[in-house]
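# Summary of structural features
Here's the letter readout for the chains.
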Amino acid sequence: MSTTIRPADHRARDGAATDSPAVRSARLLLELVQKQPAAVVFVAVAAIAWVTLPHFGSGTNMRDLAMQSSFLAVIALGMTFVIISGGIDLSAGSVYALGGVLAAYGSQWGFVTALLLPLAVCGLIGMINGILVARTGMAPFIVTLATLLFARGLLLAITDEGATTYKIERGQAFLEIGRGTLFGLGYPVYLTLLLFAAGAVLLRRTAFGQVVFATGGSERSAVLMGLPVIRTKILVYTLSGLLAGFAGAMTAAYLESGVTVIGVGTELDAIAAVVIGGTLLTGGVGTVIGTIFGVLLRNVIQDIINEIGTLDSNYQSVVSGAFLLVVVVLQRLLGYVRRE
């Protein structure tokens, strides 16, 4: 059977073949902006800051920026899975703080206890979130708000209402997780990159990742298709708890103590970074790479405000909030462009 090429198809192919380099570059740029808007904005903002601010591009500032981004990035990685599945985790900040305190508390019994204690407790809290959300049908907002209060209350109980700060003794191997360096970069940066690489494979190259997308896209359809929706929800919340606890352990090792006042509002920072990275709050759409750039972009903006120095520190929240609003609006507009 012969294939007939219609004139319209022929013109379309000829047009695609004769596009100028400028047109092709513009088309590729548009596709990149649609797929990874945070990456494009990050590169643009960082380039401007590099040229205009004298200390922004220094090696010390770049190392500090990477280091500070790593702790939030680990929490945001877990939040990415939760949001793609159609949920939300408001307990992440308190679980992060609890993980730091438990790591410092457990360090008196050695490296293994300091690492496994926060992972076990924080992972259990995440599992409880998942079970309540998946099995009872309760709203994730309510469930994780309750565990936020539980985790913060447990933290205060362990530390005598915050009066006791557990220290990690100098010379302990556990401190290397937060303070060790390789080629000038701290170990938390490398650990974060390894976790994100594993997260990207898990999300894009496994059946579990596909079920996460399907659940967030349309939970009812996923159930009708026979997909393990309940198990997937439990796993994503457990993963979020584990990663928040691990981020807390790294922070405790970096600060050499379990600081009780950290983590307040961190869950909102993680959500903002995930949304800035292109993950939709409605679920079903998102990337791990986008979350990395969302975290970096957020921290670069804060770094620029700090380096300018003439702006009040409160403007960080104003600028971050305004930028988040702009990104959400742009995502909606780009969604309309894709459908057209």
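An account of the accompanying structure is given in this report. (Residues numbered from 1 in each chain as written. Predicted model: local features only at pLDDT ≥ 70, side-chain atom pairs only at ≥ 80, totals over all residues. Heavy atoms only, no water.)

Attention now moves to the pattern of salt bridges. Throughout the structure, instances matching the rule amount to 4 salt bridges. As a salt-bridge pair, glutamate 256 and arginine 179 come within 3.4 Å of each other at their nearest N and O atoms. Of the two residues, glutamate 256 is situated in the loop between α12 (229–255) and α13 (266–276) and arginine 179 in helix α8 (residues 176–179); the sequence distance between them amounts to 77 residues. Take glutamate 256: its relative accessible area is 15%, and that puts it in the buried class. Look at arginine 179 and you get partly exposed, because its relative accessible area is 44%. The partner of lysine 233 in a salt bridge is glutamate 219, with the nearest N and O atoms 2.9 Å apart. Placement of the pair is lysine 233 in helix α12 and glutamate 219 in helix α11 (residues 219–224), with a sequence separation of 14 residues. Given a relative accessible area of 35%, glutamate 219 falls into the partly exposed group. Salt bridges here are not isolated pairs; linked through shared partners, they connect Arg170, Arg179 and Glu256. (Salt bridge = Lys/Arg side-chain N within 4 Å of Asp/Glu carboxyl O. Helix = DSSP H or I, 4+ residues; strand = E, 2+ residues; numbered from the N terminus. Buried < 20%, exposed > 50% of the residue type's maximum accessible area, 1.4 Å probe, protein only.)

What follows is about a nonpolar patch on the surface. Taken together, the side chains of Leu124, Met127, Ile128, Ile131, Leu132, Met138, Phe141, Ile142 and Leu145 define a hydrophobic patch exposed on the protein surface, amounting to about 730 Å² of accessible area. Secondary-structure elements contributing two or more residues to the nonpolar patch are α6 (111–136) and α7 (140–158). Within the fold, isoleucine 131 resides in helix α6. Relative accessible area serves as the criterion here: at 36%, isoleucine 131 is assigned to the partly exposed category. (Patch = residues over 30% accessible without salt bridge, like charges linked within 9 Å, V, L, I, M, F, W, Y side chains within 5 Å. Areas by Shrake-Rupley, 256 points an atom, 1.4 Å probe, with all protein chains shown as cover.)

A few words on helix α4 (residues 59–84). Over its 26 residues, α4 runs 35 Å from end to end, which matches the ideal 38 Å to within 8%, given 1.5 Å per residue. Taking the largest bend as the criterion, α4 deviates by roughly 35°, centred on serine 70. Among the 26 residues in α4, 19 count as buried, and that is most of the element. Following α4 by one or two positions, glycine 86 adopts a phi angle in the positive range, close to 95°. (Expected span 1.5 Å × (residues − 1). Bend = angle between axes of the 7 residues up to and from the residue.)

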